[in-house]
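Chain by chain, the residues run as shown.
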Amino acid sequence: MPRRKARLCVGYPNVGSYGAFLWAALRVLRSRWFSNLGPVVQRFEAAVADFLGVGYFISTCNGTVALEIATRALGVTGDVLMPSWTFIATPHAVEWIGARPVFVDVNPTSHTLDIGDLWLKVTPKTSAILGVHLWGHPCEVEALGHVGNQMNIPVYYDAAHAFGVEGREGMMVGNFGRCEVFSFHATKFFNTFEGGGIATNDPELAHKLRLMSNFGFTCRDNVVSAGTNGKMTEIAAAMGLVNLGHIDKVVSVNKSRYVQYRECLGDTGGVRLVSNFPLDMRHNYQYIVVEVPPGRREDILLGLSLADVDARRYFYPGCHRMNCYAPPERSLPVTERLAESTMVLPTGPHVSPADVGMICETIAAIV
Ligand code: T4K
């Protein structure tokens with residue numbers, strides 16, 4: 001197999017336009033306004049709210065702090081039902097503010113919260129449900145809303161993977177539950193270097209979120225609530241505005257790579273494409289996730305690595321089995337199986353159609 005010049009990886013950052021970003025950065029430098037809800041952050045927030053079709057969007061310095069702020073603003077203090085099959089930031093954000101993550105298994109097809117298992121985990125101490133739209137697969141928002149209503153507890157979402165994803169009936173992710181949290185980390189298809197934010201249609205909650213992300217200040221010398229420093233910088237927002245202007249181009253490349261992977265992997269025995277994205281609805285197509293035959297994953301990762309492809313096993317061995325949260329009260333069979341058998345393949349504008357072909361051939365040769 002001929003070796004490539006550069007390694008292919010999951011999460012290689014996208015930059016919409018070097019020229020547009022450098023020009024925007026120069027304007028920020030010249031303005032001498034770098035933080036504290038400056039004009040670029042305000043423009044970015046308005047542009048994201050418009051893109052998502054949501055009433056309010058509060059930008060933050062990253063997705064993890066956004067999750068902490070959202071959890072606090074919702075007044076969550078007890079047990080929070082959430083999947084274990086997620087990035088460690090999801091439980092950490094809840095634990096960090098003094099609430100308790102309670103792990104629920106996931107649906108083997110969508111990798112989002114399993115509603116049956118969720119009901120089994122409900123107790124009088126349950127104080128919220130935090131769904132994760134993993135890989136950009138929207139959660140069963142109606143069913144979760146129903147559980148939330150029955151229990152009279154808030155439902156909110158970690159939408160770190162689902163920026164630019166249409167949920168249902170033409171509504172973008174960002175509009176579900178009490179609020180939804182995004183990550184704009186460098187490795188996301190849409191990035192602001194580091195960054196994130198919270199979308200909501202509830203004006204009172206939006207006000208609270210804004211206060212909490214800025215130390216609780218309403219104005220100079222007036223602090224009305226506890227808060228933190230969750231603010232996005234002007235330079236990050238400038239990157240966000242540039243990348244938002246080019247998001248359609250990135251999505252179009254992601255979509256064609258997804259279609260190619262779907263066709264190429266279709267014939268590879270025992271390898272199943274988990275990513276199941278609609279072609280007729282808006283999506284970001286950013287994660288190419290495959291489930292491989294039992295016991296074969298490490299061979300495949302190694303084989304790809306020898307071909308200069310950095311495929312990844314994410315979230316291993318499952319948050320509930322991480323040292324900080326173990327020992328689990330009960331096993332989560334689907335999560336445990338997925339943690340042993342799934343991997344994420346590189347995609348995006350830095351991955352060419354020939355690269356996709358080579359990755360699929362390498363996997364086929366190994367299995
Ligand atoms: N909820 C969920 C469901 C999440 O997935 C995340 C974050 C969060 C919440 C929290 O959001 P943030 O607080 O992060 O905004 C990444 C990211 O650090 C993290 O944002 C992401 N999820 C998580 C799934 O993965 P890694 O482990 O992929 O990063 P790393 O350093 O291994 O980089 C991946 C590849 O990208 C490398 O091969 C090199 C390349 N790379 C990376 C960076 C950072 C570059 O070429 N340039 C870069 O600047 O973590």
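Numbers given for residues are sequential positions, taken from 1 along each chain in its written order. pLDDT decides what is reported in this predicted model: residues at 70 or higher carry local features, side-chain atom pairs at 80 or more are listed and counted, and totals for whole chains, interfaces and linings draw on all residues regardless. Water and hydrogen atoms play no part in the side-chain values, which are based on all heavy atoms of the structure.

**Quick word on the packing of aromatic side chains**
At step 1: To pair, rings of Phe, Tyr and Trp, with the six-membered ring standing in for Trp, must have centres within 6.5 Å; the planes then decide the type, stacked if under 30 degrees apart, edge-to-face if over 60, and tilted in the middle. Enumeration according to the criterion identifies 21 aromatic pairs in this entry.
At step 2: When the centroid spacing of 5.9 Å and the interplanar angle of 80° are considered together, the rings of F44 and F184 count as edge-to-face. Taken together, the residues F44 in helix 2 (residues 39–52) and F184 in the loop between strand 9 (180–183) and strand 10 (196–200) connect sequence positions 140 residues apart.
At step 3: Any residue under 20% of the maximum accessible area for its type is buried, any over 50% is exposed, and the rest in between are partly exposed; the area is computed with a 1.4 Å probe on protein chains only. Residue F44 is classed as buried on the basis of its relative accessible area, which comes to 0%.
At step 4: Relative accessible area serves as the criterion here: at 0%, F184 is assigned to the buried category.
At step 5: Here W135 and Y287 contribute two aromatic rings whose centre-to-centre distance is 5.4 Å and whose plane-to-plane angle is 65°, an arrangement assigned as edge-to-face. For helices the rule is a DSSP run of H or I covering at least 4 residues; for strands it is a run of E covering at least 2, with both sets numbered from the N terminus onward.

**Structural notes on the domain arrangement of the protein**
At step 1: Along its sequence, the protein is carved into domain 1 (18–245) and domain 2 (247–366).
At step 2: Boundary definitions for the domains trace back to an automatic or database domain assignment. On a C-alpha basis, the centres of domain 1 and domain 2 stand 25 Å from each other.
At step 3: Here, two residues are considered to be in contact whenever any of their heavy atoms come within 4.5 Å of each other. Counting residues at the interface gives 41 residues for domain 1 and 35 residues for domain 2.
At step 4: What gets called buried area is simply the loss in accessible area from a 1.4 Å probe that two parts show on being joined, summed for both. Its largest share of buried area at the contact with domain 2, domain 1 owes to W85, W135 and F189, together 26% of the area lost on that side.
At step 5: By convention in these notes, a salt bridge is any Lys or Arg side-chain nitrogen within 4 Å of a carboxyl oxygen on Asp or Glu. For the pair domain 1 and domain 2, the number of links is zero salt bridges.
At step 6: In protein, a polar contact requires one atom able to donate a hydrogen and another able to accept it; more generally it is a pair of N or O atoms within 3.5 Å, and residues adjacent in sequence count only if both atoms are side-chain atoms. Where domain 1 packs against domain 2, one counts 16 residue pairs in polar contact (both at pLDDT 80 or more).
At step 7: The set of elements that each furnish at least two residues to the side of domain 1 that touches domain 2 consists of helix 4 (89–96), strand 4 (100–104), helix 5 (115–121), strand 7 (166–168) and helix 8 (234–245).
At step 8: Considering every element that reaches the side of domain 1 that touches domain 2, the biggest residue donor is strand 4, with four residues.

**Concerning the sheet that holds strand 16 (residues 342–345)**
At step 1: Strand order in the open sheet made by the three strands is 13-14-16, with antiparallel pairing throughout. In the strand order of this sheet, the two ends are held by strand 13 (272–273) and strand 16, each with one partner.
At step 2: Two strands make a pair as long as DSSP finds a minimum of two bridges between them. Taken together, the two bridges between strand 13 and strand 14 (residues 288–291) define a ladder with antiparallel strand orientation. If you follow R272 over to strand 14, its bridge partner there is E291.

**A few points about unusual backbone geometry**
Comment: phi is negative for the bulk of residues other than glycine, and the bulk of peptide bonds are trans.
At step 1: Note that the residue after Y316, namely P317, is joined by a cis bond; omega there is 0°.
At step 2: Here P317 shows up in the loop between strand 15 (309–310) and helix 11 (333–341).
At step 3: Here the phi dihedral of F193 falls at roughly 70°; this positive angle occurs in a residue that is not glycine.
At step 4: Relative to the helices and strands, F193 is located in the loop between strand 9 and strand 10.
At step 5: If you check the backbone angles, F215 has positive phi at about 60° while not being a glycine.
At step 6: By the secondary structure assignment, F215 is in the loop between helix 7 (203–213) and strand 11 (217–219).
At step 7: Owing to a relative accessible area of 34%, F215 belongs among the partly exposed residues under this scheme.

**Notes on the site of the ligand**
At step 1: Summary of the distance rule: residues count as near a molecule or strand when at least one heavy atom falls within 4 Å of that molecule or strand. Every one of the 24 residues lining the ligand counts as a neighbour, but T64, D158, H161, S183 and Y314 are closest to it.
At step 2: In the model, an oxygen atom of the ligand is placed 3.4 Å from a nitrogen or oxygen of the V10 main chain.
At step 3: At a separation of 2.8 Å, an oxygen atom of the ligand approaches a polar side-chain atom of S183.
At step 4: Methods summary: accessible areas were calculated by the Shrake-Rupley approach with a probe of 1.4 Å, and residue burial reflects only the protein chains presented. Contact with the protein chains hides 73% of the accessible area of the ligand, taken as 930 Å² for the molecule alone.
At step 5: Those elements that provide at least two residues to the shell around the ligand are helix 3 (63–73) and helix 4.
At step 6: Only Asp, Glu, Lys and Arg are considered charged in this grouping, and only Ala, Val, Leu, Ile, Met, Phe, Trp, Tyr, Cys and Pro are considered nonpolar; every other residue, Gly among them, is considered polar. Of the residues contributing to the shell around the ligand, the split by class is nine nonpolar, 11 polar and four charged.

**Focus: the pairing of strand 5 (residues 126–132)**
At step 1: The buried fraction of strand 5 amounts to seven of the seven residues, a majority that puts the element mostly inside the structure.
At step 2: Pairing of strand 3 (residues 79–83) with strand 5 involves three bridges; the strand directions are parallel. Bridge pairing links L81 to I129 in strand 5.
At step 3: Pairing geometry for strand 5 and strand 6 (residues 155–158), over four bridges, is parallel. When the bridges of strand 6 are listed, L130 appears paired with Y156.
At step 4: Crossovers are described as right-handed under a simple rule: with the strands pointing away from the observer, the path leading from the first strand over the helix to the second runs clockwise. In this view, the connection linking strand 5 to its parallel neighbour strand 6 by way of helix 6 (residues 141–151) has right-handed handedness.

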